[in-house]
Amino acid sequence: QVQLVESGGGLVQPGGSLRLSCAASGFNFNNYAIGWFRQAPGSAREEVSCISNRDGSTYYADSVKGRFTISRDSAKNTVYLQMNSLKPDDTAVYLCAARPAYGVGNDWHVASQYHYWGQGTQVTISS
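Novice: Just to check I follow, could you spell out the nonpolar core for this structure?
Specialist: Soluble globular proteins: nonpolar side chains tend toward being buried together. Counting 36 residues, the largest nonpolar core has L4, I34, W36, F68, L81, M83 and Y94 as the members making the most contacts within it. Elements with a contribution of two residues or more to this core: strand 3 (18–25), strand 4 (32–39), strand 5 (46–52), strand 7 (68–73), strand 8 (78–83), strand 9 (92–100) and strand 11 (121–125). In this view, M83 contacts G16, S17, L18, L20, R67, F68, Y94 and V123; residues no more than four positions away in its chain are not counted.

In structure tokens, the structure reads:
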């Protein structure tokens, strides 16, 4: 059974940091890419970042570049999203998703390419 389970969300002040985790099971982790997306109330789902577990390539949305870092621990089948210098605009439900790693490139941000999705974790940035 395929599972993606996010954790690590919470409430932090602007300028603070959080580390999200996405624990994967039920599929061959090393053949997949894991993406992070987010969705704020009343807004469309937005791509955040992606990492290919096949070759370690990483991708970031312009809005988070330089503030967020995606990484992986293949021994734990887990992908992390380190989020620094958080802003109120980063407030959203953050979801991780998996897609076959082969062919990931400029289309990393296309949500329809992802086969499996987690339930999400809430991130709230507020003073």
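Novice: Help me understand the state of the cysteines in this model?
Specialist: A covalent bond between the sulfur atoms of two cysteines is what we call a disulfide. Here the structure, examined in full by the defined rule, presents one disulfide. Residue C22 pairs covalently with C96 via a disulfide, S to S 2.1 Å. Every disulfide takes its handedness from the sign of the S-S torsion; for C22 and C96 that torsion is 70°, giving right-handed. Of this pair, C22 sits in strand 3 while C96 is found in strand 9, placing the two residues 74 residues apart along the sequence. Each member of the pair, C22 together with C96, is buried. Just so you know, C50 is unpaired, no disulfide at all, and the nearest cysteine sulfur is the one on C22, 11 Å from it.

Novice: What exactly am I supposed to notice about the pairing of strand 9 here?
Specialist: For a regular strand, side-chain orientation follows a simple rule: the groups alternate between the two sheet faces. The element strand 9 is largely enclosed, with a buried count of seven among its nine residues. Bridge count between strand 4 and strand 9: eight bridges; the pairing is antiparallel. Bridge pairing links Y32 to P100 in strand 9. Bridge count for strand 9 against strand 11 is three bridges, and the pairing is antiparallel. Its bridge partner lying in strand 11, Y94 is registered against T121. Sheet topology note: the strand 9/strand 10 (residues 116–117) ladder contains two bridges and is antiparallel. Across the sheet, A97 pairs through a bridge with W117, a residue of strand 10.

About the cut-offs
Residues numbered from 1 in each chain as written. Predicted model: local features only at pLDDT ≥ 70, side-chain atom pairs only at ≥ 80, totals over all residues. Heavy atoms only, no water. Core = buried A, V, L, I, M, F, W, Y, C linked by side-chain atoms within 4.5 Å. Buried < 20%, exposed > 50% of the residue type's maximum accessible area, 1.4 Å probe, protein only. Helix = DSSP H or I, 4+ residues; strand = E, 2+ residues; numbered from the N terminus. Contact = heavy atoms within 4.5 Å. Disulfide = S-S within 2.5 Å. Pairing = 2+ DSSP bridges.

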